[in-house]
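Structural features, examined
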Amino acid sequence: MKIAIVGAGPSGLFLAKLLRRQSERFEIDVFEQNAADATYGFGIGLLGSSLKFLKAADEALYEDVLKISSKGDTMMVAHKGEQVVIGVDESVGIERIRLLNLLQDHCRPLGINMTFEHRIENIDTFKEDYDLVVGADGVNSVVRNAYSDKFQSKVTPQKNKFAWYATEKVFDHMSLIFEQTEYGMMIAHAYAYRQDRGGFVVECDPETWDRAGFPDMSNGETREFCEEIFSDYLDGHPLMSGELTWFTPNIVRTPNWHFENVVLIGDALRTVHPSIGSGTRVGMRDADILSRAFEEHRDDLDAVLATYKKNRLAGSDFFQKAAVQSIAWYESIDSKLHFDPVTFAFSYMSRTGAIDYERLRKTDMDFVRAFEAAPSPISIQG
Ligand SMILES: Cc1cc2nc3c(=O)[nH]c(=O)nc-3n(C[C@H](O)[C@H](O)[C@H](O)COP(=O)(O)OP(=O)(O)OC[C@H]3O[C@@H](n4cnc5c(N)ncnc54)[C@H](O)[C@@H]3O)c2cc1C
């Protein structure tokens, strides 16, 4: 079976590996517009349950991921200048390019053809030349857009603005820093992804963004401004930026996941949101479930694709729902600013429903006790 995978991100490469490992009857061509050692962004965080799924799907990859990751099991929420540290399930931070290079290294010996610096524009010829075309080409998917009438996706721009930086400051905890400025609330999501590097994603609402004067600032001025705002936490380390400065994430929703011999996975199919940091795991899980559907139905493509959607839909919806709840929490942050730091941290932790009171009791009973004793307790749903 000839398979074309458009996009060599985590979803596309993981699918290539899992299918080819399953059987040599799959002839797989992966096409990537970027060079093999180029990527956007810096590091990503993978939370505890992602590691469990990865171990079950591909133990060799899991072991290699652990070797190049920075590990942690605490979060820090800073509000009103006070830092609240909370015990959580184990998570890892990993440099995005190292994850991609690792996946490439796992694909190469299996005989998967990977063509880099080759942007795909015309999907129609692919559809004729291959038995299956997989759109793993990210949030702005060419495959999805080429067949928008079939997939019927909806793309909803979000309100808050994000800027993705790295820093040499190494954070001891996965950190959420809420800094009240004269312009409005500025938020930093910070995490270590290497022993000597951290990711630092800055977020603010569009009103704060305007009042701070970001629309008229160059990238360098923006970076310096953010360094100044978060100077108490950066310990004098500068922020480093890639090509992206401010961007507004889109939420992509797709009702039809496949038609004929074309299927979508990862961000091409649907996005979650940087504030829940799970997009990599969600895309890799798509790859796992699609590959398992092939194991079940072999070359009966209709059955494979139907089973992929059937088995993946609930998990996919769960993460999109969590993303929507997380976005709503951030967008209504003004109503929580009067909370004391512990109550605020509890509200943050329980914002999506994925982490609840019972889970926190298992990972950090001291934090739960501090919440129960806090001066302005909220309901346990947050
Ligand atoms: C600020 C920010 C922070 C994030 N933090 C986290 C985090 O902490 N944890 C986490 O799990 N996720 C995080 N994510 C999300 C994560 O980056 C994505 O969800 C994940 O990369 C999706 O993987 P993918 O393989 O589906 O798509 P991508 O990683 O986007 O890969 C798609 C690939 O397709 C290529 N491509 C696109 N079009 C074409 C074409 N026409 N021809 C050939 N190639 C093409 C692209 O170059 C790219 O390499 C974050 C995202 C952002 C923006």
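Residues numbered from 1 in each chain as written. Predicted model: local features only at pLDDT ≥ 70, side-chain atom pairs only at ≥ 80, totals over all residues. Heavy atoms only, no water.

What follows deals with the domain arrangement of the chain. By a widespread convention, an interface's size corresponds to the accessible area lost as its parts come together. By domain assignment, the chain separates into domain 1 (2–70 + 94–157 + 250–329) and domain 2 (161–247). At the junction of the two partners, domain 1 supplies 16 residues and domain 2 supplies 14 residues. Each partner contributes to the roughly 1200 Å² buried at the junction of domain 1 and domain 2, and carbon and sulfur atoms together form 74% of this total. The three residues of domain 1 that bury the most area against domain 2 are Phe42, Ser70 and Glu95, which together make up 42% of that side's buried surface. Taken together, the connections running from domain 1 to domain 2 amount to one salt bridge. Taking the shortest distance from any N to any O, the salt bridge between arginine 194 and glutamate 95 comes out at 3.2 Å. Taken together, the links from domain 1 to domain 2 amount to two residue pairs in polar contact (both at pLDDT 80 or more). Broken down by secondary-structure element, the contributors of at least two residues to the side of domain 1 that touches domain 2 are strand 3 (43–46) and strand 5 (82–95). (Domains from an automatic or database assignment. Contact = heavy atoms within 4.5 Å. Buried area = accessible area lost by both parts, 1.4 Å probe. Salt bridge = Lys/Arg side-chain N within 4 Å of Asp/Glu carboxyl O. Polar contact = N/O pair within 3.5 Å; in protein donor to acceptor, adjacent residues only side chain to side chain. Helix = DSSP H or I, 4+ residues; strand = E, 2+ residues; numbered from the N terminus.)

This part covers the pattern of salt bridges. For the structure on display, the rule yields 18 salt bridges. With its nearest N and O atoms 2.8 Å apart, the salt bridge here joins aspartate 235 to lysine 169. Note that aspartate 235 is positioned in the loop between helix 10 (231–234) and strand 13 (239–247) and lysine 169 in the loop between strand 9 (161–167) and strand 10 (174–180), a separation of 66 residues in sequence. Overall, the relative accessible area of 16% leaves lysine 169 in the buried class. Residue aspartate 286 is joined to arginine 270 by a salt bridge in which the shortest nitrogen-to-oxygen separation is 2.7 Å. One end of the pair, aspartate 286, is in helix 11 (residues 279–297); the other, arginine 270, is in the loop between strand 16 (262–264) and helix 11, with 16 residues separating them in the sequence. Arginine 270 shares its class with aspartate 286; the two are buried. Where salt bridges share partners, they join Lys17, Arg21 and Asp58 into one cluster. (Buried < 20%, exposed > 50% of the residue type's maximum accessible area, 1.4 Å probe, protein only.)

Buried residues dominate helix 13 (residues 341–349), accounting for nine of its nine residues. Of all the positions in helix 13, only Pro341, Val342, Thr343, Phe344, Ala345, Phe346, Ser347, Tyr348 and Met349 are classed as buried. N-cap assignment for helix 13: the residue whose side-chain oxygen lies 3.1 Å from the backbone N of valine 342 is aspartate 340.

Reading across the sheet, the six strands line up as 6-2-1-7-16-15 and stay open at both edges, with mixed pairing between neighbours. Each end of this open sheet is capped by a strand with a single partner; those strands are strand 6 (113–115) and strand 15 (258–259). Relative to strand 7 (residues 132–135), strand 1 (residues 2–6) runs parallel, the two sharing four bridges. Note that in strand 7 the partner of alanine 4 across the bridge is valine 133. (Pairing = 2+ DSSP bridges.)

Let us look at the site of the ligand. Around the ligand, 31 residues are found, and the nearest of them are Ser11, Glu32, Gly45, Arg96 and Asp267. Note that an oxygen atom of the ligand is positioned 3.4 Å from one of the backbone N or O atoms of glycine 279. Separating an oxygen atom of the ligand from a backbone N or O atom of threonine 280 is a distance of 2.9 Å. Here the ligand loses 91% of its free accessible area of 1000 Å² to cover by the protein chains. (Near = heavy atom within 4 Å. Areas by Shrake-Rupley, 256 points an atom, 1.4 Å probe, with all protein chains shown as cover.)

To describe a pair of aromatic rings, one takes the distance between the centres and the angle between the planes. With the rule as written, the count across this model stands at 25 aromatic pairs. Between tyrosine 330 and tyrosine 348, the aromatic rings sit 6.4 Å apart at their centres with planes inclined by 80 degrees, giving edge-to-face as the arrangement. Of this pair, tyrosine 330 sits in helix 12 (residues 301–331) while tyrosine 348 sits in helix 13; the two residues are 18 residues apart in sequence, bridging distant segments of the chain. One exposure class covers both tyrosine 330 and tyrosine 348, and it is buried. (Phe/Tyr/Trp six-rings, centres within 6.5 Å; stacked < 30°, edge-to-face > 60°.)

This part covers the pairing of strand 10. Most of strand 10 sits out of view: six of its seven residues are buried. As paired elements, strand 4 (residues 70–79) and strand 10 share four bridges and run parallel to each other. Paired with valine 77 across the strands is leucine 176, a residue of strand 10. Adjacent in sequence and paired antiparallel, strand 10 and strand 11 (residues 185–194) are bridged by four residues, among which glycine 184 carries a positive phi angle near 140 degrees.

Our next topic: the state of the cysteines. Under the counting rule described, the total for this entry stands at zero disulfides. The closest cysteine sulfur to the non-disulfide-bonded cysteine 204 is located on cysteine 226, 7.8 Å from its own sulfur. With a relative accessible area of 1%, cysteine 204 lands in the buried category. (Disulfide = S-S within 2.5 Å.)

With that out of the way, let us pick up the packing of helix 1 (residues 10–22) against helix 2 (residues 48–57). Two numbers describe how helix 1 lies on helix 2: the axes approach to 12 Å, and their chain directions differ by 30 degrees. When the interaxial angle is binned, helix 1 and helix 2 end up roughly parallel. For the pair formed by helix 1 and helix 2, the contact residues are Phe14, Leu18 and Arg21 on the first element and Phe53, Leu54 and Ala57 on the second. Here the contact of helix 1 with helix 2 is built from residues that sort into five nonpolar, no polar and one charged. (Axes fitted to C-alpha atoms, helices over the stretch in contact; angles between N-to-C directions. Parallel < 35°, antiparallel > 145°, perpendicular 65-115°, else oblique. Nonpolar A, V, L, I, M, F, W, Y, C, P; charged D, E, K, R; others polar.)

So, about helix 11. For helix 11, built from 19 residues, the straight-helix expectation of 27 Å at 1.5 Å per residue is met to within 8% by its first-to-last C-alpha distance of 27 Å. Looking one or two places after helix 11, you find arginine 298, whose phi comes out positive at around 45 degrees. (Expected span 1.5 Å × (residues − 1).)

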